[in-house]
Amino acid sequence: MRIIVAGGDGFCGWPTALYLSKQGHDVSIVDNLARREIDEELHSNSVTPIATLEERVAKWKELTGKEIRTFIGDLNHYDFLREVFRQTEPEAFVHFAEQRSAPYSMIDRQHAAYTQTNNVIGNLNVLYAIKEFAPECHLIKLGTMGEYGTPNIDIEEGYIEIEHNGRKDTLPYPKQPGSFYHLSKVHDSHNIMFACKIWGIRATDLNQGIVYGLHTQETQMDPVLVNRVDYDGVFGTALNRFVNQAAIGHDITVYGSGGQTRAFLNIEDTVRCVEIAAENPADRGEFRVFNQFTEWFSVNELAERVQKIAKEEGFTTEVKKIENPRIENEDHYYNAKNTKLRDLGLEPHLLTDDVIRDILKISVENKDRIIEENVLPSITWK
Ligand code: NAD
Ligand code: USQ
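Since the model is a prediction, treat every value here as computed from it, not as a measurement.

Caption draft 1: Broad picture of the packing of helix α4 (residues 78-88) against helix α6 (residues 109-133). The contact between α4 and α6 brings their axes to 10 Å, and the two run at 45°. As summarised for this structure, α4 and α6 are arranged oblique, according to the angle between their axes. The hand of the α4/α6 crossing is right-handed. Taken together, the residues of α6 that come into contact with α4 (itself represented by Tyr-78, Leu-81, Arg-82 and Phe-85) are Asn-125, Val-126, Tyr-128, Ala-129, Ile-130, Glu-132 and Phe-133. A breakdown of the residues in the contact of α4 with α6 according to their chemical character gives eight nonpolar, one polar and two charged.

Caption draft 2: Molecular detail of the site of ligand 1. The local shell around ligand 1 holds 27 residues, among which Cys-12, Asp-31, Asn-118, Tyr-181 and Lys-185 are the closest. Side-chain polar atom of Asp-31 to an oxygen atom of ligand 1: 2.7 Å apart, as the coordinates give it. The separation between an oxygen atom of ligand 1 and a polar main-chain atom of Ala-34 is 3.0 Å. For the shell around ligand 1, the elements supplying multiple residues, two or more each, are α2 (34-42), β5 (138-144), α7 (180-199) and β9 (210-212). For the shell around ligand 1, the class distribution of residues is eleven nonpolar, nine polar and seven charged.

Caption draft 3: Structural view of the nonpolar core. Ranked by internal contacts, the top residues of the largest apolar core, which has 35 residues, are Val-30, Leu-75, Leu-81, Phe-93, Leu-139 and Met-145. Only β1 (2-6), α4, α6, α7 and β12 (287-292) provide two or more residues apiece to this core. The residues touching Met-145, leaving out its near neighbours within four places in the chain, are Ile-155, Asn-207, Gln-208, Gly-209, Ala-263, Asn-291, Phe-293, Tyr-334 and Ala-336. In this structure, Leu-20, Ile-68, Leu-225 and Ala-277 belong to the second largest nonpolar core, which totals 32 residues.

Caption draft 4: How the structure looks around the site of ligand 2. As a structural note, the neighbourhood of ligand 2 is formed by 23 residues, with Thr-144, Tyr-181, Ala-238, Thr-253 and Glu-328 the closest of them. Relative to its free-state accessible area of 730 Å², ligand 2 is covered by the protein chains to the extent of 95%. For the shell around ligand 2, the secondary structure elements donating two or more residues are α7, α8 (238-247) and β10 (252-255).

Caption draft 5: Geometry of the packing of aromatic side chains. Using the criterion set out here, one finds ten aromatic pairs in the structure. Arranged with centres 6.3 Å apart and planes meeting at 80°, the rings of Tyr-104 and Tyr-114 form a pair that is edge-to-face. Placement of Tyr-104 in helix α5 (residues 102-105) and of Tyr-114 in helix α6 is noted, with a sequence separation of ten residues between them. Through successive ring pairs, a cluster of aromatic residues spans Tyr-78, Phe-85, Phe-93 and Phe-133.

Calculation criteria
Residues numbered from 1 in each chain as written. Chains lettered and ligands numbered in written order. Predicted model: local features only at pLDDT ≥ 70, side-chain atom pairs only at ≥ 80, totals over all residues. Heavy atoms only, no water. Axes fitted to C-alpha atoms, helices over the stretch in contact; angles between N-to-C directions. Helix = DSSP H or I, 4+ residues; strand = E, 2+ residues; numbered from the N terminus. Parallel < 35°, antiparallel > 145°, perpendicular 65-115°, else oblique. Left-handed = near helix turned anticlockwise from the far one by under 90°. Contact = heavy atoms within 4.5 Å. Nonpolar A, V, L, I, M, F, W, Y, C, P; charged D, E, K, R; others polar. Near = heavy atom within 4 Å. Polar contact = N/O pair within 3.5 Å; in protein donor to acceptor, adjacent residues only side chain to side chain. Core = buried A, V, L, I, M, F, W, Y, C linked by side-chain atoms within 4.5 Å. Buried < 20%, exposed > 50% of the residue type's maximum accessible area, 1.4 Å probe, protein only. Areas by Shrake-Rupley, 256 points an atom, 1.4 Å probe, with all protein chains shown as cover. Phe/Tyr/Trp six-rings, centres within 6.5 Å; stacked < 30°, edge-to-face > 60°.

As structure tokens, this is what we get:
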């Protein structure tokens with residue numbers, strides 16, 4: 001299948017591009033390298049030293065003989081996107097190419113506006129490009145579990161059946177996201193749903209939980225193929241961040257009471273979920289939603305798991321509850337459905353102690369790269 005992986009230089013996109021290429025698909029990466037520029041802006045970095053995109057795809061070709069084409073450019077530039085569609089004639093468009101940090105979107109007006117413009121208009125351009133140049137192309141869009149927020153009822157996969165004043169309907173599940181970033185994903189979902197309805201586009205929204213780990217079989221083939229890992233207070237996400245904190249003897253930073261519960265999955269499952277979606281395309285006009293996660297944990301549970309493994313490996317770290325820089329529920333009900341990807345064949349890689357140990361090993365190997373002043377959160381929601 002001819003597949004575009006937009007955002008293919010990023011944390012989820014790079015291993016996905018390699019995995020789909022290994023499976024025999026004709027993969028093209030589209031990326032404007034904005035994430036590498038944001039590292040400069042924040043004076044931050046990936047814990048692992050990452051090669052340039054050019055070096056990465058050259059190494060992949062050397063090792064496997066498989067070519068991944070690259071298009072360096074911005075989804076917000078429609079002329080560029082048109083040319084990408086003309087040259088690649090995609091059958092699937094995997095869309096990872098967004099600003100994905102909630103704290104980054106909350107820095108100030110400018111960063112909120114950048115996040116929403118980049119994400120919402122970029123996605124709108126993709127919808128138009130599919131309509132105009134590849135109407136059969138299946139859009140596989142990365143959404144997020146955070147679109148739903150933390151309602152006091154079970155979270156369904158995209159839709160909920162509601163009875164109101166004696167009448168019934170199946171409606172989009174209510175959305176209560178917790179940042180301008182998460183809101184951008186809700187806006188995307190609405191635009192995609194509408195485009196499916198009016199133009200007959202086929203789309204799958206993958207409402208992904210928090211991704212942990214870094215390696216896949218493919219990224220481990222050579223140091224040049226290594227994936228990025230974020231640890232800082234802006235882009236680092238709960239589990240990976242805690243492991244990196246433990247590696248340098250920093251306190252594990254639980255925000256508030258730590259009762260916040262979130263859905264998680266291993267990066268190895270991210271790549272497989274995208275493949276499953278590609279192999280089982282939505283119908284023309286169908287807007288399909290899959291909840292893409294395998295387990296859920298509270299922040300406290302994760303912090304304690306990491307502390308325990310770190311201790312076993314000889315690293316001393318304390319779990320510290322610090323003032324929550326975000327405005328969010330810290331004590332809430334959580335029960336989310338995730339059967340659709342399982343029904344299509346996903347076999348989860350669960351969070352075992354060995355998985356935590358493996359991430360810790362990489363962090364320890366690279367711990368001199370961790371910039372300690374970037375570890376504590378510096379952005380608040382107020
Ligand atoms: P990332 O920042 O590592 O990668 C995103 C990539 O997209 C970067 O390489 C960036 O340069 C590129 N990009 C951004 N805007 C672009 C544009 N306008 N044009 C072209 N390229 C652009 O992020 P990630 O962690 O790989 O996340 C990928 C996607 O998955 C995002 O949409 C994110 O919302 C979603 N997601 C991520 C997680 C997670 O835990 N990382 C969880 C749920 C959902
Ligand atoms: N948290 C801590 N301590 C930390 C970091 C985070 O207690 O040091 C807490 C946060 O307050 C929050 C939870 O952990 O309650 C998750 O925070 P996070 O930074 O790990 O994740 P989040 O901001 O939700 O964003 C990440 C990705 C985003 C993706 C989302 C999936 O950056 O791209 O969409 O996870 S989800 O959470 O399902 O919406």
